[in-house]
Amino acid sequence: MTQRAIDAAFMRGGTSKGVFFRADDLPTAPDERDQVLLQVLGSPDPYGRQLNGLGGGLSSLSKAAIIGPPTRPDADIDYTFAQISVDRPIVEYAANCGNLSAAVGPYAVDTGLVQRPDGDTLVRIHNTNTGKIINARFTVRDGLAVVEGDCTVPGVAGSGAPIRLEFLDPGGSITAGVLPTGAATDTLTVDGQPIEVTMVDAGSPLAFVAASSLGLDGSELPDDIEATPGIMQRIDAIRRAAGVAMGLAAAPAEVPLVSPKLGIVAPPRPVATLSGTTVSANEHDIVARVESMGRIHRAIQVTGAMSVAAAAKIPGTIVAAAAGGDGHLLRVASPSGVVSVDADVTADDGEPRVNSVVLYRTARMLMRGKVFVAR
C-alpha cells in the first residue's frame, strides 16, 4: 500500500502542539477525516507514545486544527479543534483548545488565508466547536506573524511575541450557560458518596472540586496525583457524574472523554513547579490542577484557566471560596507556573454573565509541508 501526501503545518500554541490543516485538504466525510487525523497523530497507540505519528503521547500534544473560510460575517476564519485520543481510536470535537487557538491567527496570516498589512493586527476567529468568537491580536512583519518577543508562558521554554486572546461571551460554550445547572455549587452522589462540585462553562465545561475533598492539599504535582491509589478513577467518576448533571450525556458511560474536565482547586500556598522552582503564596491567588483526557495537565489549559477566572468571580462557587485577593486579574498557580487571566463577569437579571476573558499566549510554526497517510 502506497501513501498519499496532505498539506499541513505543525504548530505550537501556548502549551499545546497540533497539526494544522486547511479544511479543503481533508476529506469531507467525517469518518474518513477522522481516520486521517488518527493516522497523522499515530493513534491508537497501546504503548502511549504515538511513535507512528506526530503525537507526543499526551493530550496536550495530540491535537489537530482545521482552518477554513468564515461561515459568519463577524469572523475572518473558521477554526475547528480536534482532540485525538492517544490510546483509543477516538477523535473528539466536544470542546475547544484555548492554547491551540493562539496559533490560529498566525497560521491564517502565514499561509495567506487572511491578508494583513504589517503592524498590529486583529484576526477574528470563529471556533465551530463552541460557536464562539475569539479575537487574536498580534504583530505582523514582512507579511508574517512575528515570533520573537519577551512574552513567557509557564510550561514553555524561552519566550516569544505576545498574542492577546480575547474570548467573547464564552459562557455556555456547549451547555445551558455559565452555570449549567443554575447553581453555584451542587452536591453530587458519586459511588454512593456525596461530594460538592461547582460546574462552570466559560469556554469549556469544567467541574471543580476542593483539593481537600480528594484528600489533597492542592500543591501536588501531576505525577504525584496520578500515583495516588484510586484517585484517577475517583476523578473520572466525578467528572462523568458532572457531565450528566451538565446535560452532556444521559448516563455516565456516555460522557465524552474530552468534556467536561475536572479541576482541583485550593487556596494560595507555596507550591513547587515542574521546573523545580517554588511559587510563594503571595505570588498567586489560587492553586489549580486540571484533568484532561484522563491525565493531570502539566500546565493548565487556556479554557481551564478561563473557567477558573470566571468561577472565582461568582459568589458561592468552590473556586471563589478558594481564591484569595480581590484584584481584577486572577493569578492561577499551575504545575508549570503562574498564569494570569482577566475575566469580565457581570450579573444579568441575577444570573452571572461572562462578557469576555483575556489572556496572553505565544505561538510558533514548527514545520510546514506534507504529512503522509495510507491511501
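The structure under discussion appears in the preceding block.
Residues numbered from 1 in each chain as written. Predicted model: local features only at pLDDT ≥ 70, side-chain atom pairs only at ≥ 80, totals over all residues. Heavy atoms only, no water.

## Digging into the overall build of the protein chain
Short version of the rule: Strands are runs of DSSP state E lasting at least 2 residues, helices are runs of H or I lasting at least 4, and numbering of each runs from the N terminus. Radius of gyration here is computed from C-alpha atoms only, and the compact-globule reference equals 2.2 Å multiplied by the residue count raised to the power 0.38. Burial classes follow relative accessibility: with a 1.4 Å probe on protein chains only, a residue under 20% of its type's maximum area counts as buried, one over 50% as exposed, and anything between as partly exposed. Whether two residues touch is decided by their heavy atoms; if any such pair falls within 4.5 Å, the residues are in contact. Accessible areas in this description were obtained via Shrake-Rupley with a 1.4 Å probe; residue shielding takes into account the shown protein chains only.
Secondary structure summary: the protein chain contains 6 helices and 21 strands in total. For 375 residues, the compact-globule estimate of 2.2 N^0.38 gives 21 Å, and the C-alpha radius of gyration of the protein chain, at 20 Å, lies within 12% of that figure. For the protein chain, buried positions account for 56% of its 375 residues. Considering only contacts in the protein chain between residues 6 or more positions apart, those separated by 24 or more positions represent 63%. Within the structure as shown, the protein chain displays about 15000 Å² of accessible surface, and the carbon and sulfur contribution to it stands at 50%.

## So, the environment of Asp285
Selection rule: Throughout this description, a polar contact denotes any pair of N or O atoms lying within 3.5 Å of each other; where both atoms belong to protein, one of them has to be capable of donating a hydrogen while the other can accept it, and for residues adjacent in sequence the pair is counted only when both atoms sit in side chains.
Relative to the helices and strands, Asp285 resides in the loop between strand S15 (278-279) and strand S16 (286-292). Along the sequence, Asp285 and Ile314 sit 29 residues apart, while their C-alpha atoms lie 15 Å from each other. One polar contact links the side chain of Asp285 to the main-chain amide nitrogen of Arg331, over a distance of 2.8 Å.

## A short note on the environment of Leu188
Mapped onto the fold, Leu188 is located in strand S10 (residues 186-190). Taking C-alpha positions, Leu188 is 20 Å from Ser204, a pair spaced 16 residues apart along the chain. Setting aside its immediate chain neighbours within four residues, Leu188 contacts Gln193, Pro194, Ile195, Val197, Met199, Ile238, Ala241, Ala242 and Ala245.

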